[in-house]
Structure formats: C-alpha cells, structure tokens
Amino acid sequence: MPPGDERVTIAVDGVEYANVRDYSLQSDILQLGDPFSCTIENDDGRLTGQIKIGAKLTVDFRAPEVKGGGAVKQMTGRVIRVRHVSSRAQGSVILVEGSDLGWHLNKSCGPLWLRLRRFRSFLEFIRRLIDPTWGFIGVEANNDANRALRRGLNFGRAGIIQTITINEKDFLAIVPPIQFESGQLIAPTLIEHARRLGVLLDVSADGQLLVFQPNYNQDPSYRIEYHRAIDESKSGNALDPVEILEDIEGVYTRVTCVGAATRPPLTPNPEDPNEGKIPGTHTDGAALPFFRYLSFSDADQFSRTEAETKARWRQRRGLFDSWSATYRVAGHTQISPQGVGVFWAVDTMCSVLDTVHKLDGSYYVSAVHFQRSLGDGGGTTTTVTLRRPNLLFAVK
C-alpha cells in the first residue's frame, strides 16, 4: 500500500467524527501538552454546537499495514478551542484545537502550600497533584508501553515487557522542599525537579503521566535515506527539504553547579565568603575546540554529587539541543526492519543513510509531526526530528 492512505478519527466525549479533513498532531518528548488541530466538514450544519471546549478528545490513526487496520490511539486530551467558519461559496467547517492531558499541568496552579516533604516520593507527590477530573488514568515510571501503543504493536499494555523501570525507591533520596506558592504552575515545577533526577515527563497516548528515561538501547524501528538527485542507483524515502541544524548557543566544555549545604555552619568564617556553597563540575573538553565555561546556582542541590549530577545534565542537555536532523516522509507509517508495520513515534531509534549530509548511523527520534493537508502541495506527511543518542539519561 502506498504511504499516505492512513485514516484519522477523533472522538469528543465518546462521539466519533470520521469526516476529518486537514489535521496536525505533534509529539515531542521535551514538551508537556502536545498540540492537535483539525478541520471537520460541517456543510449542512448538523454538527454545530456538538463539540464543546473542555470535552475529552481522543485521536486514533488507522492504516492497513499496522495492527491489521485497527485503531491505534495517538492522543488523549482536551478540546481547548473551537471555531466555526462558514462561507456560502466554500461551505462550513469546524476548526478544532486540542492538547493532550499535559494541558492541565501547564494551565493549572498547584494546590496552595502543598509540600513535597509530606510525601514518600516524587511519584507520590505527582499522584497527589493530579485532580481526578483531569482524566489521567495513572502515573507510570516507564515509557515502554506507550512507545508500543503509539507504534501500533499488536499487544495490549499488560503484554509489554518493560526494559527500563524507575522504581519509587529511586526518588527517596534527599529532595528540595518543594512547596507551591500562589500563581505557581504545576508543569514548570515538575519539569525542574525531573531535570534534577535526570528523567523526562510526558503523557501517553491513553492518558498516563509518564516519568521515564530515554531508551537508546532499542533496535531502530525506522529507516530514512536521502541522496542526491543524480544518484539514480540509490533510492530514498525522505522528501525535500531536509534540514540539519548545528547551534553553539548551549554548548560548554565545563559546567559548574553551585549548591548549598543543608546545615550552614553555626559560626560563619568571616574569611571564607563561600562557606556553605557546594560546587559540582562536569567537564567535556571534546564538546568544542576551545574552552567555554558556564557556572550557575541551584540552592536545592545539597551535596557535591547532586551538584555534579545537575552540572552534567546541563552540559549534556546543551549538546542534545545543539544538533538536530529534520526529515519529512510520506505517510505516517513504515515497515520496520523487523518486518512489522508501525506508526512513527517518539522515544524510538531510526537508522539514517544520508549521503548528502554524510550521516550514517542510528539516531534518537525526539519529535514527530503528523500532518495532512488537502490543498495545493499538501498530502499526508510526517516530519521527524532526530537527535544524537546517549545524551539525555539519568545520572546518579
């Protein structure tokens, strides 16, 4: 089957709408609240007033080569904006904008004066923050099940073999006394603490809040090839244009995080103004051909080891952000090297052979953007953002 024959169905409060025309769905491991938008035909006006803001929204993809053509859930979230646009010449449509359930964390403040110290672990703290009306089905310290669900692998969540698991005990170490003050949003607070632990936050396709480490050890699920037009003997599946980005902005060869002692000295030393400060440094001389230094303070790092961990995460996150390869491919699916039809998904690996930009190896899929446009130059495509592997992971 040629790529691009996929079908998308949205459901709003359980009512399905298959007459979806244009759509856009983004998935990015570095953001909470992945956005979705679509256009629904409403020529006779029968759908007017049916789709309400705040309603539960789910998005399913179908393709004959994936899961036998069955529905593969890609998002569970909320309708956040509805626009009705009518023209006597072009008819009426409904423009629907939504977001996954991470929207609640981005747009809601934490319970006033709720403190992390009252709970046994970071995961328990997260569970306390989630209001039951938001629609989350749980908190999971793993992304293996979600990765399989998004790709459309033909087994349920219970059948997933989880290879990387973060246990509650991993969050029982000394943690800063987080407390929500007035106006303090939930998402930035959780993301900052997740960085200290060396983990990422995301929302699964079926509504789990995920706390996980990237999995770089998996086999590639996809392959991208891109060659010069004159290389007629070589076939490629990447569409024009291709973009390779390199940016020096966040790259440093040495990073120091300055933490603070949990118990400052009772009698300060007047000759040492830095008493009680705890520096931790990570060095990577190969990052640049010259020395570049960054120092920053984080009073919530209470030991040298914690300060070094935060410094290493900051340096590696800069390297992660400094390079990306963006490819656009036809359709939303690919036959994997294992011979199974799968949808594109983040937190996976992709092998690349790009003779134009001299790339040959496996790269980490950090973002995918599904699009369909029926206008001129449109079609059904997936934009894939790749990053260098082995940079974002827990460092303890």
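Details of the structure are given in the entry above.
Fair warning: this is a prediction, and the values are worked out from it, not measured in the lab.

Trainee: Looking at this model, I keep getting lost on the packing of helix H4 (residues 186-197) against helix H5 (residues 304-322). Mind explaining?
Mentor: Two quantities define a packed helix pair, namely the angle between the axes and the distance from one axis to the other. Remark: H4 packs on H5, axes separated minimally by 8 Å, with the N-to-C direction vectors making an angle of 105°. By the angle between their directions, the pair H4 and H5 is classed as roughly perpendicular. For the pair H4 and H5, the contacting residues are Glu192, Arg195 and Arg196 in the first and Thr309, Lys310, Trp313 and Arg317 in the second. Taken together, the residues that form the contact of H4 with H5 break down as 1 nonpolar, 1 polar and 5 charged.

Trainee: Explain unusual backbone geometry to me, please; I cannot follow it from the model alone.
Mentor: Glycine aside, negative phi is the norm for most residues, and most peptide bonds take the trans geometry. At the junction of Asp240 and Pro241, the peptide bond is cis and its omega measures out at -5° in the coordinates. Among the structural elements, Pro241 can be located in strand S12 (residues 238-246). The backbone of Asp13 sits at a positive phi, close to 50°, despite the residue not being glycine. Within the element layout of this structure, Asp13 appears in the loop between strand S1 (7-12) and strand S2 (15-17). Non-glycine residue Lys358 carries a positive phi angle of around 60°. Within the secondary structure, Lys358 is located in the loop between strand S19 (348-354) and strand S20 (359-373).

Trainee: Is there a simple way to explain the environment of Asp100 in this structure?
Mentor: On the secondary structure map, Asp100 appears in strand S7 (residues 91-100). The spatial distance from the C-alpha of Asp100 to the C-alpha of Thr58 is 8.6 Å, given a sequence separation of 42 residues. Asp100 has contacts with Gly33, Asp34, Met75, Thr76, Gly77 and Val203, leaving out every residue within four places of it along the chain. Among the polar contacts made by the side chain of Asp100, one reaches the main-chain amide nitrogen of Gly33 at a distance of 3.2 Å. Within polar-contact distance, the side chain of Asp100 engages the backbone nitrogen of Asp34 at 3.0 Å.

Trainee: Just checking my understanding: could you explain the nonpolar core for this structure?
Mentor: Soluble globular proteins tend to bury their nonpolar side chains together. In terms of nonpolar packing, the biggest core is built from 62 residues, with Ile10, Phe36, Ile40, Tyr327, Trp344 and Leu386 touching the most fellow members. Filtering out sequence-adjacent residues up to four positions away, Tyr327 remains in contact with Ile224, Tyr226, Ala238, Val242, Ile244, Val352, Asp354, Leu359, Thr382, Thr383, Val384 and Leu386. Listed in part, the 26 residues of the second largest apolar core include Leu123, Phe180, Leu201 and Val203.

Trainee: So what exactly am I meant to see when it comes to the packing of aromatic side chains here?
Mentor: The description of two aromatic rings rests on the distance between their centres and on the angle between their planes. Under the counting rule described, the total for this entry stands at 8 aromatic pairs. When the centroid spacing of 6.0 Å and the interplanar angle of 45° are considered together, the rings of Tyr23 and Phe61 count as tilted. Here Tyr23, found in strand S3 (residues 20-28), pairs with Phe61, found in strand S5 (residues 56-62); they are 38 residues apart in sequence, far enough to count as distant. With respect to burial, Tyr23 and Phe61 carry one shared label: buried. A ring pair is formed by Trp323 and Tyr363, whose centres lie 5.4 Å apart and whose planes are at 25°; its orientation type is stacked. Here Trp323, found in strand S16 (residues 323-330), pairs with Tyr363, found in strand S20; they are 40 residues apart in sequence, far enough to count as distant. The burial state of Trp323 is the same as that of Tyr363; both residues are buried. Three or more aromatic residues joined by ring pairs form one cluster here, namely Tyr23, Phe61, Phe343 and Phe370. The positively charged end of Arg292 is found above the aromatic ring belonging to Tyr252, 4.1 Å away from the centroid. When the ring centre of Phe296 is taken as origin, the NZ or CZ atom of Arg314, which lies over that ring, is 4.5 Å away.

Trainee: What is the right way to look at the sheet that holds strand S9 (residues 200-203) in this model?
Mentor: Working definition: the strands of a sheet are paired by backbone hydrogen bonds and lie parallel or antiparallel to each other. Strand order in this open sheet of 3 strands is S8-S10-S9, and the pairing throughout is mixed. Two strands in the sheet have a free side with no partner beyond their single neighbour: strand S8 (138-140) and S9. Between one strand axis and the next, the sheet turns through 20° on average, direction left out of account. Across 3 bridges, S8 lies against strand S10 (residues 208-212) in parallel orientation. Residue Gly138 lies in a different strand from S10, and its bridge partner there is Gln208.

The rules behind each value
Along each chain, the written sequence defines residue order, and numbers are assigned to residues from 1. In view of the model being predicted, local features appear only for residues whose pLDDT reaches at least 70, and side-chain atom pairs are presented and counted only at 80 or more, with totals across whole chains, interfaces and linings using the full set of residues. Heavy atoms from the whole structure form the basis of all side-chain values; hydrogens and water molecules are not counted. To define axes, lines are fitted to C-alpha atoms, for helices over the stretch in contact only, and angles between the resulting N-to-C directions are given on a 0 to 180 degree scale. Helix and strand assignments follow DSSP, with helices taken as H or I runs no shorter than four residues and strands as E runs no shorter than two, numbered in order from the N terminus. Working rule for angles: under 35 degrees goes down as roughly parallel, over 145 as roughly antiparallel, 65 to 115 as roughly perpendicular, anything else as oblique. In what follows, residue pairs with any heavy atoms lying within 4.5 Å of each other are defined as contacts. Residues are sorted three ways: Asp, Glu, Lys and Arg are charged, Ala, Val, Leu, Ile, Met, Phe, Trp, Tyr, Cys and Pro are nonpolar, and all the rest, Gly among them, are polar. N or O atoms closer than or at 3.5 Å make up a polar contact, with two conditions inside protein: a donor-capable atom paired with an acceptor-capable one, and, for residues adjacent in sequence, both atoms drawn from side chains. Buried Ala, Val, Leu, Ile, Met, Phe, Trp, Tyr and Cys residues form a nonpolar core when they are joined through side-chain atoms within 4.5 Å. Working definition: with a 1.4 Å probe on protein chains only, accessible area under 20% of the residue-type maximum means buried, over 50% means exposed, and in between means partly exposed. Pairing of aromatic rings covers Phe, Tyr and Trp, the last counted by its six-membered ring, and requires centre-to-centre distances within 6.5 Å; plane angles under 30 degrees mean stacked, over 60 mean edge-to-face, and any other angle means tilted. Only when the NZ of Lys or the CZ of Arg is both within 6 Å of the ring centre and within 35 degrees of the ring normal is a charge said to sit over the ring. At least two DSSP bridges between two strands are needed for those strands to be called paired.

Nothing here speaks to function; it is all geometry.
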